[in-house]
Amino acid sequence: MFIHLGGDTVIRSKDVIAILNSDMKDSSGITKEFLQAHKKESNVQEISQEIVKSIVITMDKIYYSPISSVTLKRRALAVTELESFVE
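Calculation criteria
- Counting restarts for each chain: residues are numbered from 1 in the order of the written sequence.
- This being a predicted model, a pLDDT of at least 70 is required before a residue's local features are given, and a value of 80 or more before pairs of side-chain atoms are given or counted; all residues contribute to the totals for chains, interfaces and linings.
- Note that water and hydrogens are dropped before the side-chain values are worked out from all heavy atoms of the structure.
- Put simply, DSSP marks the helices as runs of H or I at least four residues long and the strands as runs of E at least two long, and each gets a number from the N terminus on.
- The classification of residues rests on relative accessible area computed with a 1.4 Å probe and restricted to protein chains. Under 20% of the type maximum is buried, over 50% is exposed, and intermediate values are partly exposed.
- Pairing between strands requires that DSSP locate at least two bridges from one strand to the other.
- In this analysis, axes come from line fits to C-alpha atoms, helices being fitted only over the stretch in contact, and the angle between any two N-to-C directions falls in the range 0 to 180 degrees.
- We define a nonpolar core as any set of buried Ala, Val, Leu, Ile, Met, Phe, Trp, Tyr and Cys residues linked to one another through side-chain atoms lying within 4.5 Å.
- By definition, residues are in contact when any of their heavy atoms lie within 4.5 Å.
- The term salt bridge refers to a pairing of a side-chain nitrogen on Lys or Arg with a carboxyl oxygen on Asp or Glu at a separation within 4 Å.

## A look at unusual backbone geometry
Phase 1 of the analysis: Despite not being glycine, Ser 42 has its phi angle at roughly 60 degrees, a positive value.
Phase 2 of the analysis: Considering the arrangement of structural elements, one finds Ser 42 in the loop between helix 1 (29-40) and strand 4 (44-46).
Phase 3 of the analysis: Classification of Ser 42 as exposed rests on a relative accessible area of 59%.

Structure below.
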């Protein structure tokens, strides 16, 4: 299944490692360093010009989404519930 992150960006739900509130990027030195390292490697995709509300981390990329982390987590849970019915 897939999760819509905003704009034209959709990712596979099983690729999601973490969904963080955008405030988390400045809360920890380790998190800040992690995000800066990925930005240098061009592994960061800003989905839109709107305010970044959440950060979605996958194995391949980090997405800065204009959709709140609470909404994205709800979408991910809904996808998980749907997948349990399919199996």
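## With respect to the environment of Glu 33
Phase 1 of the analysis: Within the element layout of this structure, Glu 33 appears in helix 1.
Phase 2 of the analysis: Taking relative accessible area as the criterion, Glu 33 reaches 56% and is therefore assigned exposed.
Phase 3 of the analysis: It is 31 Å that separates the C-alpha atoms of Glu 33 and Met 1, two residues lying 32 residues apart in sequence.

## Some details on the sheet that holds strand 6 (residues 62-65)
Phase 1 of the analysis: Ordered by their spatial adjacency, four strands build an open sheet running 3-5-6-4, and the pairing between neighbours is mixed. Two strands bound the open sheet, and with one partner strand each, they are strand 3 (16-21) and strand 4. Each neighbouring strand pair of the sheet contributes to a mean axis angle of 20 degrees, computed without reference to strand direction.
Phase 2 of the analysis: Bridge count for strand 3 against strand 5 (residues 54-58) is five bridges, and the pairing is antiparallel. Its bridge partner lying in strand 5, Asn 21 is registered against Ser 54.

## Details of the nonpolar core
The tendency in soluble globular proteins is for nonpolar side chains to be buried as a group.
Phase 1 of the analysis: Counting residues in hydrophobic clusters, the biggest one holds 11 residues: Ile 3, Leu 5, Ile 11, Ile 19, Ile 47, Val 56, Tyr 63, Ile 67, Leu 72, Ala 76 and Val 79.
Phase 2 of the analysis: Listing elements by their share of this core, those giving two or more residues are strand 1 (2-6) and helix 2 (69-86).
Phase 3 of the analysis: The element best represented in this core is helix 2, accounting for three residues.
Phase 4 of the analysis: Discounting residues that sit within four places of it in the chain, Ala 76 has contacts with Ile 3 and Ile 19.
Phase 5 of the analysis: Core analysis: the next-biggest nonpolar cluster, separate from the first, contains six residues, Leu 35, Val 44, Ile 55 and Ile 57 among them.

## Quick notes on the pattern of salt bridges
Phase 1 of the analysis: The full count for this structure, using the stated rule, is two salt bridges.
Phase 2 of the analysis: The salt bridge partner of Glu 46 is Lys 39, with a shortest N-O separation of 3.8 Å.
Phase 3 of the analysis: Judged by its relative accessible area of 48%, Lys 39 is partly exposed.

## Topic: the pairing of strand 5
Phase 1 of the analysis: Most of strand 5 sits out of view: five of its five residues are buried.
Phase 2 of the analysis: Of the two faces of strand 5, the one holding Ser 54, Val 56 and Thr 58 and the one holding Ile 55 and Ile 57 are both buried throughout.
Phase 3 of the analysis: In this sheet, strand 6 lies alongside strand 5 in antiparallel orientation, the contact comprising four bridges. From the neighbouring strand, Ser 54 faces strand 6, where its bridge partner is Ser 65.
Phase 4 of the analysis: Count of turn residues in the strand 5/strand 6 antiparallel hairpin: three residues.

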